[in-house]
Amino acid sequence: MAVEYIMGNTLHGRISKLPKEQELYLYGQLADIYLQLHRHQFDRIGALTLDSNDENWVFEHNRPLTIELNDQELSGMKGSEIIPAHQTYSSTIDYVYTVMKLVFNDFYHSRDSVFNETDARNYLYGIFASQGIVMEWVDERDNHGPFLLMHGDLRPPNIFVDDDLNITSVIDWEWSHTVPSQMFIPPSWICGQELPAATTKPYHLVLDVCVSQFQRAAREQEDQHYNPDKKLKLCLPLVKLWNRHLKSEKLFIAYALLKPCYLGNVYWNLLDDIYHGTDSGERVDGFYKLKVRKRQEKELQRVLSDLEAYKKELALAGLEPTQPAAPLVLKPAEGNDSNTLSKSGEDEDSAIYRIWKKLDIKNTLSPLHCWVPCSLVGVSIIVCCIIAKRRR
């Protein structure tokens, strides 16, 4: 094992406190990491190993070992029965189907996957409802690859920076594996929050804008450093890929699949309303009234029984069970940052106002001015064609 001392501090706890200029500077560096990873493309989803000569990276039937899969295995949930050690995948749809099986496994076998009966009923319903959404989300153009290399645990504590916010090192690459191109997306923590909080309405708008700014930074990096033929920006590989896949609903589905332990949160925070609309309570009740759901109702009661037993064990050990997180609001932070999410009370109008400031509408819309002339020309041509056709 090679051990090297790394100078600097990690990004942990600093993301939400960065001024806008430093935030965009950091995005550019992170985008460069993504651009380098994007250049490593493979024909299977799995993990890499060196060949017998220790020269080239190859697939030797190593499964895509994620932190979530490892956690299930360590918790005795037998995740390896779902993704065996030598399992790899040649299609996106097969892989995401397996990820959904891991989510079911979390519900049925994790001792603290739910808080109470209402939470349990909603979680199980959400998993079933998500299956169709996820299958529809798979883009047939990317279904059979290429598959892209991902770090697997790219988060602030694993990123070292110097005093000027230059990234000096990225550590903990042991979770790296290849993923479908639809799951090769900017990290959700760039908005300063974990995924459950980042996808809560209306705060998901902040994540949307952060991703948009990250996408813009990646576009500039790709054009400046990975465009020797001076192609149009819209024709660059990562630009084209992210223009297709970084749309809100598609993006949130990808985040849920990358963090399957949070799929239930993302579903109820956003996806249920996007795909099914109102009357969620009636839909959940109707789901469990179906005769074909008797087995699920029975399993749900078993899960609740296991939860009560687990709570008693915690009480005997003098521990408290995990409680649902309090609703998040925005409040002013120390210094110039007024966009920090908080669990303290604040009126809705004030929270929305601070979200509006975070969205930075002027900078978000500024690139659109260059498209206005092209749009006017396009509209003029269409009008002329319609007039000519009618005169005939």
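See above for the structure.
Conventions we followed
Residues numbered from 1 in each chain as written. Predicted model: local features only at pLDDT ≥ 70, side-chain atom pairs only at ≥ 80, totals over all residues. Heavy atoms only, no water. Core = buried A, V, L, I, M, F, W, Y, C linked by side-chain atoms within 4.5 Å. Buried < 20%, exposed > 50% of the residue type's maximum accessible area, 1.4 Å probe, protein only. Helix = DSSP H or I, 4+ residues; strand = E, 2+ residues; numbered from the N terminus. Axes fitted to C-alpha atoms, helices over the stretch in contact; angles between N-to-C directions. Parallel < 35°, antiparallel > 145°, perpendicular 65-115°, else oblique. Left-handed = near helix turned anticlockwise from the far one by under 90°. Contact = heavy atoms within 4.5 Å. Nonpolar A, V, L, I, M, F, W, Y, C, P; charged D, E, K, R; others polar. Pairing = 2+ DSSP bridges.

> Mind showing me how you'd approach the nonpolar core here?
It is characteristic of soluble globular proteins that their nonpolar side chains tend to be buried jointly. Of all hydrophobic cores here, the largest spans 88 residues; its most connected members are F107, F184, W242 and L257. The element best represented in this core is helix α4 (residues 117-137), accounting for 10 residues.

> How should I be thinking about unusual backbone geometry in this particular structure?
Note on backbone geometry: most residues besides glycine have negative phi, and most peptide bonds are trans. Cis geometry is adopted by the peptide bond preceding P146, which originates at G145 and carries an omega value of 5 degrees. Along the chain, K201 connects to P202 via a cis peptide bond; the corresponding omega equals -5 degrees. Residue placement: P202 occurs in the loop between α5 (195-198) and α6 (204-225). Its identity as a non-glycine residue notwithstanding, L165 has a phi of 70 degrees, on the positive side. Looking at where L165 falls in the secondary structure, it is placed in the loop between β6 (159-161) and β7 (167-170). With a phi close to 60 degrees, D279 is a non-glycine residue in the positive phi region. Within the secondary structure, D279 sits in the loop between α9 (263-276) and α10 (280-289).

> I keep staring at the packing of helix α1 (residues 20-38) against α6 and nothing clicks. Help me out?
Packed helix pairs are characterised by how far apart their axes lie and by the angle those axes make with each other. Across the interface, α1 lies against α6 with an axial gap of 8 Å and an inter-helix angle of 60 degrees. By the angle between their directions, the pair α1 and α6 is classed as oblique. Where α1 crosses over α6, the two elements pack in a sense that is right-handed. Contacts from K20, E23, L24, Y27, G28, L30, A31, D32, Y34 and L35 in α1 reach C210, Q213, F214, A217, A218, Q221 and E222 in α6. Grouping the amino acids of the contact of α1 with α6 by side-chain chemistry returns 10 nonpolar, three polar and four charged.

> Even after reading the chapter, I still don't get the sheet that holds β6, so can you show me in this structure?
Strand-to-strand pairing in sheets goes through backbone hydrogen bonds, with the strands running parallel or antiparallel. The sheet built from three strands is open, its strands ordered β1-β6-β7 with antiparallel pairing. Lying at the two open borders of the sheet, with one neighbouring strand each, are β1 (9-10) and β7. Relative to β7, β6 runs antiparallel, the two being bridged by three bridges. Following the sheet pairing, F160 is matched in β7 by S169. Contacts between α1 and the sheet are confined to β6 and β7, with β7 contributing the most and set at about 40 degrees to the helix.

> Explain the pairing of strand β4 (residues 57-62) here, please?
In the case of a regular strand, side chains alternate between the two sheet surfaces. Of the pairings in the sheet, the one linking strand β3 (residues 47-50) to β4 comprises three bridges and is antiparallel in character. Considered in β4, the bridge of T49 is made with V58. Hairpin connection of β3 to β4: six residues between the antiparallel strands, including D54 at a positive phi of 55 degrees.

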